[in-house]
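Results of the structural survey
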Amino acid sequence: VQLQASGGGLVQAGDSLRLSCAVSGRTFSGYATGWFRQAPGKDREFVAAISWSTGSTYYTDTVKGRFTISRDNAKNTMYLQMNSLKPEDTAVYYCAAGAADDSGSFYYTLGYDYWGQGTLVTVSS
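What comes next is a walk through the structure. (Residues numbered from 1 in each chain as written. Predicted model: local features only at pLDDT ≥ 70, side-chain atom pairs only at ≥ 80, totals over all residues. Heavy atoms only, no water.)

1. Some remarks on the overall build of the chain
- The helix and strand inventory of the chain stands at 0 helices and 11 strands.
- Tracing the chain from N to C terminus, the helices and strands come up as β-β-β-β-β-β-β-β-β-β-β.
- At 13 Å, the chain has a C-alpha radius of gyration in line with the 14 Å of a compact globule built from 125 residues.
- Dimensions of the chain, computed from the C-alpha atoms along their principal axes, are close to 40 × 25 × 25 Å. (Helix = DSSP H or I, 4+ residues; strand = E, 2+ residues; numbered from the N terminus. Rg over C-alpha atoms; globule rule 2.2 N^0.38 Å.)

Structural data, given as structure tokens:
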């Protein structure tokens, strides 16, 4: 399974971006999918996830109400719509897929089996 993230860029505070993550190698049916981010000098942190079985979505508190995770199973693609971006959202964003569709594991990097290469989002003030 390969994941290819795209859509990052340089934007100003308040702008929007949509990240995409194309999955190839197999259908991602049955896999939970999520987004993480890593700012310079910091650990990789959970951003959002979506359950395959329920379609439920999960967000870290700092992005609730601003970011929306979604997936198009027919296109084997997941998305992260990011609105009202802030300078503190600056990071490399990674998409991930995990066979364990367990909400208890969504928040942790160990809950995912496959990772994309990351796409850089820079938000200027």
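2. A look at a nonpolar patch on the surface
- Taken together, the side chains of Tyr107, Tyr108 and Leu110 define a hydrophobic patch exposed on the protein surface, amounting to about 400 Å² of accessible area.
- Tracing the chain through its elements places Tyr108 in the loop between strand 9 (91–98) and strand 10 (114–115).
- For Tyr108, a relative accessible area of 53% puts it in the exposed group. (Patch = residues over 30% accessible without salt bridge, like charges linked within 9 Å, V, L, I, M, F, W, Y side chains within 5 Å. Areas by Shrake-Rupley, 256 points an atom, 1.4 Å probe, with all protein chains shown as cover. Salt bridge = Lys/Arg side-chain N within 4 Å of Asp/Glu carboxyl O. Buried < 20%, exposed > 50% of the residue type's maximum accessible area, 1.4 Å probe, protein only.)

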